Amino acid sequence: LTVEKKTGDAWTAVKSPQDFLDSIIGAGLGFDPMALLRLRPAQLAARLLESLRLEEDPRAIDAERERVAASRTDAGREARALKTRLEAAPAAPEGTPDEEISLAALVEERDDLQAQRADRTDAERGARSLLDRQGAAERDEERAKQAVASAEATLARAREALAAASRTAANATAEASRATGAAQAMPDPDLADVTRRIGAADGVNKAVRAKRERRALADALTAQEAALAAIVVEIDAIDERKRALLAGAKFPVSGLGFEVIGGEYAPTLNGVPLDQASDSEKRRVGMALAMALAPHVRVIIVRDASLLDPETLADIERLAGEGGYQVWTEIVGTDGRDAFVIE
């Protein structure tokens, strides 16, 4: 078939007969519902969303929900890890204090007690020294007496020495007595208790650290569980927002919807993927969706209508009549005439 058009007095061949036909009937004048049904599920779902004219794209809501759900998964994983660690953490013995014992304070206490002991030892040593001096004085006194007895000639001097020795002995006795009393009055602390507490402090401190770590794990788990609960509330709010959005939507066909199938949006009919519906149901959906997308241009153009059986064409005619649409069909003729026939 060769198609020509006359420009002035000359005839020129039409290189693209389809473009020529479109120019005659008006390109984009109507719509082809069967062409919609030949779209990929994701493309058909996009056209369905276009027809609904919603205030918010439910795909964006689902993407938001997916992000929040991913955070819920992460939060749940962290909560489970914290719970496992908390269950594995050893419980502190009964009576374990909340704070560690200061070893430095205990050592300082022990050093003070040892210093007191050293002071007492020094005092006792000084008292013994004075006692030694007392003994020496008494021996001097005895020698002086012997000197008096053996040397009358030196009696006066011996008496003087005796008097001096007596005075020295008396002073030494008094000093020794005072020193002994002072030494005995000084405290003699018992180091056993502080030594025992120093030895026990390390074990107590380990228990305190274990108790503190366990309490920190419990607090972290509580916070994580609270965050997880907040995420669940957020997901429920997103689901409710989507439900309310779709509840107010006017779908072209009752039972028509969409959901993620195989990782992308696809139209469904009564919860079943549209591509699994019967041919008549698909035609009904295609017609309704096409009319929803073009509510003002009430012309339906069916391309390749020769491929459709009479039942399908009759179904399209019935649906178009119900919506007040005209149906234009492209059918390959068999009468042998080399022409376009538009009825």
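Structural data are supplied above this passage.
Residues numbered from 1 in each chain as written. Predicted model: local features only at pLDDT ≥ 70, side-chain atom pairs only at ≥ 80, totals over all residues. Heavy atoms only, no water.

Draft legend 1. Main features of the overall build of the protein. In terms of regular secondary structure, the protein is built from nine helices and seven strands. By residue count, 28% of the 343 residues in the protein fall in the buried class. Restricting the contact set of the protein to residue pairs at least 6 apart, pairs at least 24 apart contribute 77%. Total accessible area on the protein stands at roughly 21,600 Å², and carbon and sulfur atoms take up 52% of it. (Helix = DSSP H or I, 4+ residues; strand = E, 2+ residues; numbered from the N terminus. Buried < 20%, exposed > 50% of the residue type's maximum accessible area, 1.4 Å probe, protein only. Contact = heavy atoms within 4.5 Å. Areas by Shrake-Rupley, 256 points an atom, 1.4 Å probe, with all protein chains shown as cover.)

Draft legend 2. Layout of the environment of Val-285. Among the secondary structure elements, Val-285 is positioned in helix H8 (residues 279–293). Classification of Val-285 by relative accessible area gives buried; the value is 2%. If near-sequence neighbours (up to four positions away) are discounted, Val-285 is found in contact with Val-253, Leu-256, Leu-269 and Leu-274.

Draft legend 3. Main features of the pairing of strand S3 (residues 256–261). As defined by bridge partners, S3 adjoins strand S4 (residues 264–269) across six bridges and the pair is classed as antiparallel. Its bridge partner being in S4, Glu-259 is matched across the sheet by Ala-266. Between S3 and S4, which pair antiparallel and follow one another directly, the connecting turn spans two residues, one of which, Gly-262, has a positive phi of 65°. (Pairing = 2+ DSSP bridges.)

Draft legend 4. Local environment of the packing of helix H3 (residues 41–52) against H8. H8 packs onto H3 with a crossing angle of 50° between their chain directions and a minimal axis gap of 9 Å. In this view, H3 runs oblique relative to H8, as classed from their interaxial angle. Of the two elements, H3 crosses H8, and the hand of that crossing is left-handed. On H8, the residues touching Leu-44, Arg-47, Leu-48, Glu-50 and Ser-51 of H3 are Leu-289, Ala-292 and Leu-293. (Axes fitted to C-alpha atoms, helices over the stretch in contact; angles between N-to-C directions. Parallel < 35°, antiparallel > 145°, perpendicular 65-115°, else oblique. Left-handed = near helix turned anticlockwise from the far one by under 90°.)

Draft legend 5. View of the sheet that holds S3. If you walk across this open sheet you meet the three strands as S3-S4-S5, and the pairing is antiparallel. Every interior strand has two partners, whereas the edge strands, S3 and strand S5 (272–273), have only one. Two strands pair when backbone bridges link them, and S4 and S5 are joined in this way by two bridges, in the antiparallel orientation. Residue pairing in the sheet places Thr-268 in a bridge with Pro-273 of S5.

Draft legend 6. Expanded view of H3. Taking 1.5 Å of rise per residue, 12 residues should cover 16 Å, and H3 covers 17 Å from first to last C-alpha, within 8% of that figure. The complete set of buried residues in H3 reads Leu-44, Ala-45, Leu-48, Leu-49, Ser-51 and Leu-52. The buried residues of H3 occupy an angular sector of 160° when the element is viewed end-on, so they sit on one face. Against the buried residues of H3 lie helix H2 (33–37), helix H4 (58–88), S3, S4 and H8. Following H3 by one or two positions, Arg-53 has its phi on the positive side, about 55°. (Expected span 1.5 Å × (residues − 1). Arc of directions from axis to C-beta.)

Draft legend 7. The arrangement of the pattern of salt bridges in detail. This structure, assessed with the given rule, holds 25 salt bridges. Measuring nitrogen to oxygen at the nearest pair gives 3.0 Å for the salt bridge that ties Asp-57 to Arg-59. (Salt bridge = Lys/Arg side-chain N within 4 Å of Asp/Glu carboxyl O.)

Draft legend 8. Looking closely at the pairing of strand S1 (residues 4–7). Of the strand pairs in this sheet, S1 and strand S2 (residues 10–13) are connected by four bridges, and their pairing is antiparallel. The partner of Glu-4 across the bridge, within S2, is Ala-13. Taken together, S1 and the strand that follows it, S2, pair antiparallel across an intervening segment of two residues, in which Gly-8 is found at a positive phi of about 70°.

Draft legend 9. Representation of the layout of surface pockets in the model. Considered as a void within the structure, the second largest pocket measures approximately 320 Å³ in volume. Looking at the lining of the second largest pocket, the elements that each hand over two or more residues are H2, H3, S4 and H8. The greatest single-element share of the lining of the second largest pocket, amounting to three residues, is contributed by H8. Taken together, the residues of the lining of the second largest pocket break down into 10 nonpolar, one polar and five charged. (1 Å grid on protein atoms, 1.4 Å probe; cavity = no way out; pocket = protein on both sides within 12 Å on 5 of 7 lines; lining within 4 Å. Points joined across faces, edges and corners; volume = space filled by probe spheres on them. Nonpolar A, V, L, I, M, F, W, Y, C, P; charged D, E, K, R; others polar.)

Draft legend 10. Looking closely at the packing of aromatic side chains. Inspection of the entire model under this criterion finds one aromatic pair. Seen in terms of ring centroids, Phe-258 and Tyr-265 are 5.7 Å apart; in terms of plane orientation they differ by 55°. Their pairing is tilted. Exposure class is identical for Phe-258 and Tyr-265. Each is buried. (Phe/Tyr/Trp six-rings, centres within 6.5 Å; stacked < 30°, edge-to-face > 60°.)

Draft legend 11. Representation of the packing of H4 against helix H7 (residues 192–247) within the structure. Viewed as axis vectors pointing N to C, H4 and H7 meet at an angle of 160°, and their least axial separation amounts to 9 Å. Compared by their axis directions, H4 and H7 come out roughly antiparallel. Between H4 and H7 lies a crossing whose hand is left-handed.

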